[in-house]
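Coordinate inspection notes
Listed below, chain by chain, are the residues.
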Amino acid sequence: MRSDYSSGFLKDMAPMLGEHYVKWLPYCREAVRATALEMKDPEVLANALGIPVTDEVLEGLSSAWFSPLLAYLERSGKLLRPYLVCLCLEAYGKDPREWRRQVALAELIHSSSLILDDVSDDSLFRRGAPSAHQLFGMRVAGASALAWLNLGFRLAWLDREALGEQSTHALIEALSWEHFVTGVGTTIDVTWAWRRHERRLPSQYLQQVVHRSTSYTYRLPLKIGAITGGAPKADAERLAAFGEELGLAFQLVDDILNIKPDDPHWGKETAEDIVQGKRSLQVLYALERLEGARRRRLLEILDSRTHDPEVLREAVALIESTGALWDSMALAQKFRTHCDDILQGLSLAPIHRERLGALAEYVVRRAR
Amino acid sequence: MKTVESHPFPEARARGTKALEQLLPRQCTPQWLELMTGPARFDWDVEAIQQGFVDPLYELFDQKTERWRPTLAALLIEAGGRAPERYPAMLAAVELQHLALLLLERLRNGRNIAESTAPETRLPLPVLVTVAYTAKQMASTLVIRHEGALATGTRSWLAYQVSRALYEASAGMAVDIQFAEKEASPRERWHLRLLAPLTFRLPVDCALAALDRHEASGARMLREAASHASIAYRLAMDVLGRRARARGEPAQALHEVPIHWSPLAPRPGETPSVAWRRSVESGLVAEVLSHARRERQEAGEVLATADGPLAATLRVFIEAVVDMRLAEAEEVCHAE
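Note that the structure is predicted; figures quoted are calculated from it, not measured.

What follows is about the overall build of chain B. For chain B, the count of helices and strands is 14 helices and zero strands. Start at the N end of chain B and walk to the C end: the helices and strands fall as α-α-α-α-α-α-α-α-α-α-α-α-α-α. Relative to the compact-globule value of 20 Å for 336 residues, chain B shows a C-alpha radius of gyration of 20 Å, a close match. Dimensions of chain B along its principal axes, counting C-alpha atoms only, are 60 × 50 × 35 Å. Of all 336 residues assigned to chain B, the portion counted as buried reaches 64%.

The subject of this paragraph is the overall build of chain A. Within chain A, the regular secondary structure consists of 19 helices and two strands. A globule of 368 residues ought to have a C-alpha radius of gyration of about 21 Å, and chain A, at 21 Å, matches this closely. Principal-axis analysis of the C-alpha atoms places the extent of chain A at approximately 65 × 50 × 35 Å. Split into buried and exposed, the 368 residues of chain A put 65% on the buried side. Within chain A, residue pairs in contact and separated by at least 24 positions form 76% of the contacts whose partners lie at least 6 positions apart. Carbon and sulfur atoms make up 51% of the accessible area of chain A, which totals about 12,900 Å². Positive and negative side-chain charges in chain A, numbering 45 and 50 respectively, have mean positions lying 3 Å apart.

Looking now at the packing of helix H7 (residues 125-146) of chain B against helix H8 (residues 152-182) of chain B. Residues and elements named next belong to chain B. Closest axis-to-axis distance for the H7/H8 pair is 8 Å, and the angle between their directions is 170°. Between H7 and H8, the crossing angle belongs to the class labelled roughly antiparallel. For the element pair H7 and H8, the recorded crossing hand is right-handed. Contacts from Lys136, Gln137, Ala139, Ser140, Val143 and Ile144 in H7 reach Arg155, Ser156, Leu158, Ala159, Val162 and Leu166 in H8. Within the contact of H7 with H8, the residues separate by chemical class into seven nonpolar, three polar and two charged.

What follows concerns the interface of chain A and chain B. Interfaces are often sized by the accessible area lost when the parts come together. Every contact between the two is made by 69 residues of chain A and, on the other side, 69 residues of chain B. Summing the contributions of chain A and of chain B, the shared interface buries around 6,000 Å²; its carbon and sulfur component is 63%. On the chain A side of the interface with chain B, the three residues burying the most area are Glu56(A), Arg139(A) and Phe180(A), jointly 15% of the side's total. Where chain A packs against chain B, one counts six salt bridges. The salt bridge partner of Asp45(B) is Arg200(A), with a shortest N-O separation of 2.9 Å. At the boundary of chain A and chain B, one finds 35 residue pairs in polar contact (both at pLDDT 80 or more). Ranked by residue count, the leading element in the side of chain A that touches chain B is helix H10 (residues 165-195) of chain A, at 21 residues. Tallied by class, residues from the side of chain A that touches chain B come to 34 nonpolar, 25 polar and 10 charged.

Right, let's get into the confidence of the model for chain A. Per-residue pLDDT for chain A averages 91, and the proportion of residues at 70 or more is 94%. Here residues 1-6 of chain A is a poorly scored stretch, pLDDT under 50, and it has 20 contacts once near neighbours within four places are set aside; other chains count.

Closest axis-to-axis distance for the helix H8 (residues 138-158) of chain A/H7(B) pair is 12 Å, and the angle between their directions is 20°. Relative to H7(B), the element H8(A) is oriented roughly parallel. Here H8(A) runs over H7(B); the crossing is right-handed. Taking contact as the criterion, the partners of Met138(A), Leu146(A), Leu149(A), Asn150(A) and Phe153(A) in H8(A) are, on H7(B), Leu125(B), Tyr133(B), Lys136(B), Gln137(B) and Ser140(B).

A few words on the pattern of salt bridges. Considering all chains together, one arrives at 54 salt bridges over all chains under this definition. Arg366(A) is paired through a salt bridge with Asp254(A); the nearest N and O atoms lie 3.3 Å apart. With Arg366(A) in the segment after helix H19 (350-365) and Asp254(A) in helix H13 (residues 233-259), this pair connects stretches of sequence that are 112 residues apart. A residue is classified by how much of its surface remains accessible, and Asp254(A), at 13% relative accessible area, is buried. Overlapping salt bridges bring together Glu178(A), Arg219(A), Lys223(A), Glu244(A), Glu245(A) and Arg41(B) as one network.

What follows covers unusual backbone geometry. The backbone phi angle of Arg305(A) is positive, close to 55°, even though this residue is not glycine. Its place among the elements puts Arg305(A) in the loop between helix H16 (292-304) and helix H17 (309-321). Looking at Arg305(A), the relative accessible area reads 31%, which means it is partly exposed. At Asp212(B), a residue that is not glycine, the phi angle is positive and equals roughly 55°. In this structure, Asp212(B) sits in the loop between helix H10 (197-210) and helix H11 (219-246). On the basis of relative accessibility, which here comes to 52%, the residue Asp212(B) falls in the exposed class.

Another aspect to go through is helix H18 (residues 324-344) of chain A. Residue and element names in this part refer to chain A. Helix length check: H18, at 21 residues, gives a terminal C-alpha distance of 31 Å against a target of 30 Å (1.5 Å per residue), a fit within 8%. Looking only at H18, the buried set comprises Ala324, Leu325, Ser328, Leu331, Ala332, Phe335, Arg336, Cys339, Ile342 and Leu343. Axial view of H18: buried residues confined to an arc of 145°, hence all on one face. Exposed and oriented more than 90 degrees from the buried face of H18 are Trp326, Asp341 and Gln344. Elements in contact with the buried residues of H18: helix H11 (202-211), H13, helix H15 (281-289), H17 and H19.

About the thresholds
- Residues numbered from 1 in each chain as written.
- Chains lettered and ligands numbered in written order.
- Predicted model: local features only at pLDDT ≥ 70, side-chain atom pairs only at ≥ 80, totals over all residues.
- Heavy atoms only, no water.
- Helix = DSSP H or I, 4+ residues; strand = E, 2+ residues; numbered from the N terminus.
- Rg over C-alpha atoms; globule rule 2.2 N^0.38 Å.
- Buried < 20%, exposed > 50% of the residue type's maximum accessible area, 1.4 Å probe, protein only.
- Contact = heavy atoms within 4.5 Å.
- Areas by Shrake-Rupley, 256 points an atom, 1.4 Å probe, with all protein chains shown as cover.
- Lys, Arg positive; Asp, Glu negative; His and termini not counted.
- Charge placed at Lys NZ, Arg CZ, Asp CG, Glu CD.
- Axes fitted to C-alpha atoms, helices over the stretch in contact; angles between N-to-C directions.
- Parallel < 35°, antiparallel > 145°, perpendicular 65-115°, else oblique.
- Left-handed = near helix turned anticlockwise from the far one by under 90°.
- Nonpolar A, V, L, I, M, F, W, Y, C, P; charged D, E, K, R; others polar.
- Buried area = accessible area lost by both parts, 1.4 Å probe.
- Salt bridge = Lys/Arg side-chain N within 4 Å of Asp/Glu carboxyl O.
- Polar contact = N/O pair within 3.5 Å; in protein donor to acceptor, adjacent residues only side chain to side chain.
- pLDDT = per-residue confidence, 0-100.
- Expected span 1.5 Å × (residues − 1).
- Arc of directions from axis to C-beta.

Written as structure tokens, this is what we have:
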């Protein structure tokens, strides 16, 4: 694991959250690693794929299917998603150690989605190293990620006896729906870049965030935790709503950090969103407020796909001059406040609610 | 190549067409989006969904009109004594999976967008892969949320089978591409077995779920026969596709589902027509067809041990569709 990337962010967390997170981090790492590597066991693989697993099969799959994902897992991100599953399980009286696959599921899906995001955006870097498609090619990386995403259903299915019929159904439904709506949200994102629409609205951007960015970041891990933990229906719904608010706040902060990173270990190309011509909330705000030559200049830069740092800095200055970053941050804070309102309705002990509240605070205060 | 004018099962095919049009209307509306994703919290950009998802999918849907997969599912459901029109979501799901696979097959494996987008597609790569992703993932959502005629446990099982077919095929595709890149020669063409489920096995799974026979003793045999038939079909299509490319037919008009690692694939620097000529003269085409025949025979042998209307219907389907393509491919081989 790259320690410079994966540990520095703890300073952004409240101690009561940071300590709990650090307590579960080794288990999360082990659960993810064990679940991913378990697939290399010939017997497990044969059962999963329904074909005899010879050395040649193992070698072929290791190289094409496992390697792209393992490259991301070895660079280990923050593992916040499996931690969230642990937090929920513990909150509802379950031992996360008895639910290794469901803990790992959240990270396997998250990492797979990052590979697909990087393919879609043609991103050069992820977690400070070349993106999967730079290493393995677009199609191998994409097919590998899609295979892992859908292998998640098997992880749920394998635990169906322990989960029971209703929870298995709920988990498979959650996975299906979240995967699908992520595609719908991404459709808007990539279509805007393709058709270079200028008249898009901030409210339309937020709608695509609801479906794209909130899913794998927070809503799905919280659903996995709530369903596996056996949360009451009302709590499960509130946790999903909490995940959505958190995901909205996360994305708006992420958009700001993308063009103005506050940490030398950001791990991505600076102002990548401007390079890709993305119409994020701050860009839409700026386009609404800029006039004449300044507006035309921002559009020109967005459509140029330039990597020139000086030109990118010019675009950031134009956006910042309109107050767009400030207003995006204010909206992120509003979503963060919604989180507190939702937490009040949960039937959990105060300590668990406080941890979730601290997580919301971390999301808007983080430097990366 | 024979086209839909000679479709052997026009009614079942029409059900497949109708099912997709019912579950994914050609004109995207806020009502459809709400049905599929829930109420809008802010504002939908309906136009973007239309341009970036619905239109590209229907463009392909209108080009590829055989609908073999929903046709097979509908035939089997009917043979089992139920009305296929009660199960539109699963019929739409299997066609969506097929369309998504076709879209992805159009790409090259470059290390960036410019290297990866195939010249014949007008869609930028991010849009194309997103259409394919969304279509694939819509399939399991359709089954688990919109196939109301199935019991809860059966819907979970079928959604799992949809996802299983996806991860098997995706893993198979990744290996297939890498074999092709490395010019490796797998001793056994096992990766074809991973690519098979999305062809005819998933439609069999749909029918088994509709008939509530997914746990019945004969289910395994039907699935196995469908897998063998799928491989035979893909190999025959590989021969027909390579020959069509050698003759300069436009890619959009091809009915192929290519296999990237294939003895028939052009070598570096070789044109499709030179590769085809070499493949014919060296006996590679005959070898591929021989493999296809063996798979077809195995499908027949498995079905010979199975009784009942489902096995009989699958047999009829294989004879009509797989044998038709095999015969066409053999005719091509002999003509050369």
